[in-house]
Structures are given as structure tokens and as C-alpha cells.
Amino acid sequence: MLSACAPQAVTEQGREVNALYTTFFWVAAGIFAITAGLIGWSIVRYRAKPGDNELPKQFHQNLKLEVVWFAIPQIIVIGLFVLSAFTLSEVNERKSEPAATVRVTGYQWGWRFEYEGTDVEVVGTPQDPAEVMVPTGDVAFILTSVDVVHSFYVPKFLFKRDAVPGRDTRVDVTINEEGTYAGVCAEFCGLLHDRMTFSIEAVERDEFDRWLSQQDAAGEGSTT
Amino acid sequence: MATGDAAIHASEPHGIAAWLTTVDHKRIGILYLVTAVGFFVISGSLSMFMRAELAQPGLQLMDESTYNQLFTMHGTGMMFLFATPVVAGLANYFVPLHIGAPDVAFPRVNALTYWLYVLGGVVIFSGFLTASGAASFGWTAYAPLSESTYTPGAGADLWIIGLILVGTSSILGAVNLMATIFGMRAPGMTMFRLPIFVWNIIVTMTLIMFSFPVLTAALAALFIDRNFGGGFFDPAQGGDPILYQHLFWFFGHPEVYIVILPFFGVVTEIIPVFSRKPLFGYRGFVFATLLIGAYSFSVWAHHMFTTGAVDNPFFSATSMLIAVPTGVKFFNWISTMWRGKLTFPTPMLFCMGFLFMFLIGGITGVFLASPPIDYAVHDTYYVVGHMHSVLFGGSVFAIFAAFYYWIPKMSGRLMNERVGKLHFWLMLAGFNLTFLPMYQLGIDGMARRIADYPAVSGFEGLNALSTAGSGLLALSIVVFLVNFVISMKRGEQAGDDPWGGNTLEWATTSPPPPHNFRRLPPIRSERPVFDERHGDQLDG
């Protein structure tokens, strides 16, 4: 089923989203099955028999029934809203002490990553996209743009957030699994939008620290 | 026809000149529909090139610049030059007939709205003839990308000017139809005897009158930014890119209902006819439509959840609530068919296609109303799949239902049933093959509006499938066009009322004479023609 096709998220927040999606999916599947079933049943069961010219019974309304079928979906969506609101507050929760804070700047057509508290800066281009490391655990990204609106999207995080010129937007994720995760720009940003990619490698804290000091030693403005 | 009428008509121009100078609502309706279908074919062809490019990784057919122009003009063409004008066309032709009126309230204004629309469409597409090509910032034209710094060139300005013309046309048309419905109903045609199609047009035209002026304002500001350094949306000058998104979507979400509500109206006219029963819950249906219209102005920022600059819980709540009045319509349609005597000529088949496909579009919309889920799938192919389930699976299936149902009235000839059914099944298969894979592609992380994707992405198979489906879709449209051309020459005579219809258009000839009616049946319900036909069998 589709729910099984949702990618396994590698962040705490992504897992919450995945769980919410799965709940929505089964509720939706139930509603679809009932509604499509009723339509299908009507099509098969109430097909006119050839030569039958008598009018069917002409009934017009049933207020009780209509109130009920208005109320039930209303209750379902309120339930879904509440579930979704809980997940929302968890996904948007800000961590007090992130293991790393990365300033991410989008521009046509690449990403610049700067590590707060260091001089490390990794700059990507369409030909040579940025490849950066982050530690597992809590990581804060502060997103902005120097030109048009971009969107910082890592499919394996099941998450994206826009990088808007003139604004800083902070998002926090808790990365549970080591690995290399592809990222793209999700908001259409002009000619080479499709080439505005990056990749994030999540590693143990120690390895990240080593990488960071190497980058620092290599000097400012180093690229991958 | 009275001799006085004949004398008047003898002095009128004939042939092409008659069409170019007409102020007759039926002719203008046909002009609208033919032009809109023309833009549908053009905009659809653009998407065929896009699907061909996406069939496999790597850029084979075009560069990014061309691709970006194609999806921009595909979206613009479909939304503004096809879907909205089809509404204008159907409403022009059938609202006066439905309410028993001889024409619309302002026939000359009506002609003006049509020609403004044609002019706007030509101006928008003329961007392709400029050195830098057509507009290439998506149909949403987000600032600052749409500012002259990032998208220089005349194509973008032509796009803005053309859209302002088309928007003005829509506003004028809305005023005209509202005046018609409120001022020109036949004796006995009370508000609660109006065909549901007309009710849906009332709500749609209200949405147009409140939303299009906001779009026009946003576009005017953008034009000033681009050409005179206005700085409305430029953060360096104290402007705000988020403001543009608010203005655009304050228009853009009601626009979605502008291009779906009239087609709810269409299927709600057709299903009772082929179920041989009245619409179940007429008043509830009208109430739900009014509620959708009201809610539709409170949901716009769900398009902006990922900006981090809008109140997510509020817009999530309103976006989920609007699913309720939309959803309950399914129960109206189902209980209309319930214990009816159903037949399935082509118009009814397309209505059934609409029910299933729009159901998918509606349900996936609730997913997108949840901000955390939206964070995952926003701006991916999931959204492309969702919007096409709503606008193609919903609107376009219903548009073809309307064509098969009403072309006999407009032309006097029936469309070929067998070819019509072939069209339906091809389109259903093509639609699902094209758009269902997109949901999975989006969940897997394929962003929308990309000219290319990497070969290692795992997106190849589903994209190839989708492209194959789009070929079937195109074929189905060719089948329709061939059916239309041949049926118009050799189709069976339709007679006044080929379907056993309910509403007043079936009480006059096919096509109706100038000024529509020689006599009207008494109007005592929303089904006056049915009442007259079956009066003796009804038990009051």
C-alpha cells in the first residue's frame, strides 16, 4: 500500500511525520473504500433494466440523514486536525542546545553552508553541489536567501522549509541515523532550479568535529 | 418566428461577420467554448513536450529555459485561458436558458468580455515570439523571481498585461451573469427552483468578483516593480516577497473553486437526469455550495505552510473544514443515484469518472491541509498529482460530461455514442497512468518544476509510466475532436430533448431560436420540463 511506500525518515521529526501520514492514509483509505464502494454499488445495483419505463420513486430529501452525513466528516476532520496539530508542534519544536548550528544561504543556483562558531564555509554550484557534514543528534539550520525564494528540502527528513530573502528561518531536526542524504531546492527559482542540489552526511559527533577542524584549517571560503 | 423578428434578422450580418459582431449569448457562449478548447489543446501540447522530456533522465529535447517556459505557459493557459473561460462559455450559453431568459442582462458587455479574453490570451502567448521567450516563472509568478532583475524580458511583462486583461474580462462577465440571474428569471423561477448549475454559477461569480481584483492588484504592483522600481516585493527596498504570495493565493485558492464549483453544478444536473430521480437534498446542496464559497476565502495560506511565515494551525483548520461541505456532496450524488434507474450514455459515464477521480483529489487535499505532511510533500510531484486529480480528474471529466450532454442542444446533433465511450475509457486509463505515479514520485522526493532529474534518483520507472499515460490522454483528446467534427456533419438529429432532461433548455428547440423560447412550461420546481412530461405520474 501507499503508506508502506513512504520513505523511512532518518530524523525524529520525520518519523513523527511518517506516523501521522500513515494514520491519515488509513483513515483516507477507509473513506475512499466506503465512498467508492457506495458509488460502485449504485452503478451496478441500480442500473435500469431494458424496457423498464416506469419512474423510480421520487424522493427528495431527508434532513436527519443530511445532518448526520454533515456531522460525521466534521468530526473526522476535527480529529485529524488535532492529531496533525500535535505532530506540528513536535516538528517545529526548537532545541535548546543543538550539536551544530548551520547557516544555510540559498542563491541562484547553489547553497552556502556556514558553521556557527567557526569560519567554515562550504559553497556549492550547479556543477559542483555542496557536500557537507553534520553530527547526528540535534542540528539547527538557519535558512535565508540572497536573491529569490528557495526551499531547503531533504526528502529523507520528510521536511522542507523555504529560504526567503530578507528573512532568517530557523528549523531544528534530530538526526537519528548516520548516512548521506540528498537535498534539493523545492521552490522553483529560475533557470537551473533542477541543478540546485546538495548533500548532507550525518556522522558521529567525533567524526564531525574532526571534519570541522580540518575544514577550519583549510581556511576560509573552502569548497568541497 | 414573427415577421418583425425576421425583418430585424435580415439586416444582420451573415457568416463570419455575424460571429465577430454577435452580442447573442448563445453565440458568445460557443465562441468562448471553442476558444477555450483551442487553448486547452495548445496548453495540453506544451505538457506533452514536458512529459516527453521527463520520460528519462538527462536533457534530450530542450534546455532548462524552454522547459521553464513550457510549464509556466501550460499552467497559465490551463487555468486562465481554458478552465475559467469554459465556465464563462457554459454559463453564457446555459444560464439564460436555465432561468427562462432571452439573453444576458448586458449583451454588449458580454461581447466585450469575450474579446478582452481573446486579446489577453493572445498577449500572454505572444511572449513566445519575443527574443527572451515567454514568461518562465511558473503560473504563480512568485516574487522576487518574477522581478525584472531575475526574469528580464518582454515575455514576462506581456504575461502580466495579458492576465490583467483576462482578469478584467472575468470580473465583467461575473457582474453580467449575476445581474442576469438576479434580474431576469422567468415568472415562477424562484431562487430555490434554480437549477443547481445556476446556484453554482452564483457562488462562482461571487468568488470571481472578490478574488480577481486582488490578483489584478498584485499583478499591477509586480508590473510597477518590474518597470518603475516600485519595490513592493523587494526586501532591499522594504518590500516583502511573502506579501506577493499572500495576494496571489488570496486569489489563487478561490480560483480553484472557480474552476471546480461550476462543474459540481454540471454533474449535479446530469446525474439526476440519468438516474430519473430528483437531486437528493437540493437545499442542503445549495447550503454546502455557499459554505464552500465562504470558506474558500479563509484557506489560502495552506499554499504557504513551508514559508514559516504564516499561522499554520489556523489555515490547517480552515483547509480541513472546507473538505466537509465538499465531501457531503458525494452523499448527495450517491443518494440521487440510490434506488434510481440508471443509464450510462457518455455524459453519465464522464460523471462517474468525475466521481471517482475527484474523490482521490479531494482526499489527498486533506493530507496537504496537515502542515507536517505538507512539509514533506509540498512542491513535489505529490502536489502535481493532487492538483491534476482535482482539475483534470474533476473539472476536465465534468467538462467533457457537459460537452456530450449539451453539444446536442447547441448544435442540434448528437455526438457519436460509441466513439464517445472510447474517448471516456482512453481518458480514464490515460489519466490514471499519468497522474497516479506522480503521488509516489512526490513521496519519494521528486520536486516539481524540474527540467531534469538524476539517473540515480530512482524516479525513472514511474516517470516513463507517466509519460506513456500522457500519450493515451492526448490520444483520447484526438478521439474527441474527431468525434466532434464527424458528428457535427453526420450526427443523428438530437430533437428538442434527447436525454429526457429536467431543466428549461430542453423545452426549446436544438439549437434554440434567437431569444430562446417560444413558450415556457410552468415552473413549479427545479425540474419544470420533468414536471411537464411526468405531471400525471407525480403524486404531489
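All values derive from a computational prediction rather than experimental measurement.

## Describing the overall build of chain B
Argument step 1. When its secondary structure is counted, chain B shows 18 helices and zero strands.
Argument step 2. For chain B, the spread of C-alpha atoms along the principal axes amounts to about 70 × 50 × 45 Å.
Argument step 3. Taking as baseline every contact in chain B between residues at least 6 positions apart, the subset at least 24 positions apart corresponds to 83%.

## Considerations on the confidence of the model for chain B
A low pLDDT score tells you not to read the predicted coordinates there in detail.
Argument step 1. Scored by pLDDT, chain B has a mean of 95; 97% of the residues are at 70 or more.
Argument step 2. Our summary of model confidence lists the complex with pTM equal to 0.95 and ipTM equal to 0.95.

## A few points about the interface of chain A and chain B
Argument step 1. Contacts between the two partners involve 65 residues from chain A and, on the opposite side, 69 residues from chain B.
Argument step 2. Every element with two or more residues in the side of chain A that touches chain B is listed here: helix H2 (12-45), helix H3 (63-91), strand S6 (150-154) and strand S7 (159-163) of chain A.
Argument step 3. Taken together, the residues of the side of chain A that touches chain B sort by class into 41 nonpolar, 13 polar and eleven charged.

## Some remarks on helix H6 (residues 154-183) of chain B
Argument step 1. Compared with the 44 Å implied by 1.5 Å per residue over 30 residues, the 43 Å span of H6(B) between its first and last C-alpha is a close match.
Argument step 2. Across the 30 residues of H6(B), 21 count as buried, placing the element largely inside the fold.

## Details of the domain arrangement of chain A
All names here are of chain A.
Argument step 1. Domain boundaries in chain A define domain 1 (2-91) and domain 2 (100-218).
Argument step 2. Inter-centroid distance (C-alpha atoms) of domain 1 to domain 2 is 38 Å.
Argument step 3. Each partner contributes residues to the interface: domain 1 has nine residues there, and domain 2 has twelve residues.
Argument step 4. Residue classes in the side of domain 1 that touches domain 2 are distributed as four nonpolar, four polar and one charged.

## As for the sheet that holds strand S10 (residues 197-203) of chain A
Residues and elements named next belong to chain A.
Argument step 1. With mixed pairing, five strands are arranged side by side in an open sheet as S4-S10-S9-S6-S7. The sheet terminates laterally at strand S4 (130-135) and S7, the two strands that pair on one side only. Strand after strand, the sheet turns through a mean of 25° between neighbouring axes, direction not considered.
Argument step 2. With six bridges joining them, strand S9 (residues 179-185) and S10 adopt antiparallel strand pairing. Counterpart to Ala 182 in the pairing with S10 is Ser 199.
Argument step 3. Here helix H4 (residues 205-218) sits on the sheet in contact with S4 and S10, set at roughly 135° to S4.

## A few points about the domain arrangement of chain B
Argument step 1. Structurally, chain B comprises domain 1 (28-259) and domain 2 (271-285 + 292-494).
Argument step 2. Residues of the side of domain 1 of chain B that touches domain 2 of chain B, tallied by class, amount to 25 nonpolar, ten polar and three charged.

Criteria and cut-off values
- Residues numbered from 1 in each chain as written.
- Chains lettered and ligands numbered in written order.
- Predicted model: local features only at pLDDT ≥ 70, side-chain atom pairs only at ≥ 80, totals over all residues.
- Helix = DSSP H or I, 4+ residues; strand = E, 2+ residues; numbered from the N terminus.
- Contact = placed C-beta atoms within 7 Å.
- pLDDT = per-residue confidence, 0-100.
- Nonpolar A, V, L, I, M, F, W, Y, C, P; charged D, E, K, R; others polar.
- Expected span 1.5 Å × (residues − 1).
- Buried ≥ 20, exposed ≤ 12 C-beta atoms within 10 Å, placed from the backbone.
- Domains from an automatic or database assignment.
- Pairing = 2+ DSSP bridges.
- Axes fitted to C-alpha atoms, helices over the stretch in contact; angles between N-to-C directions.

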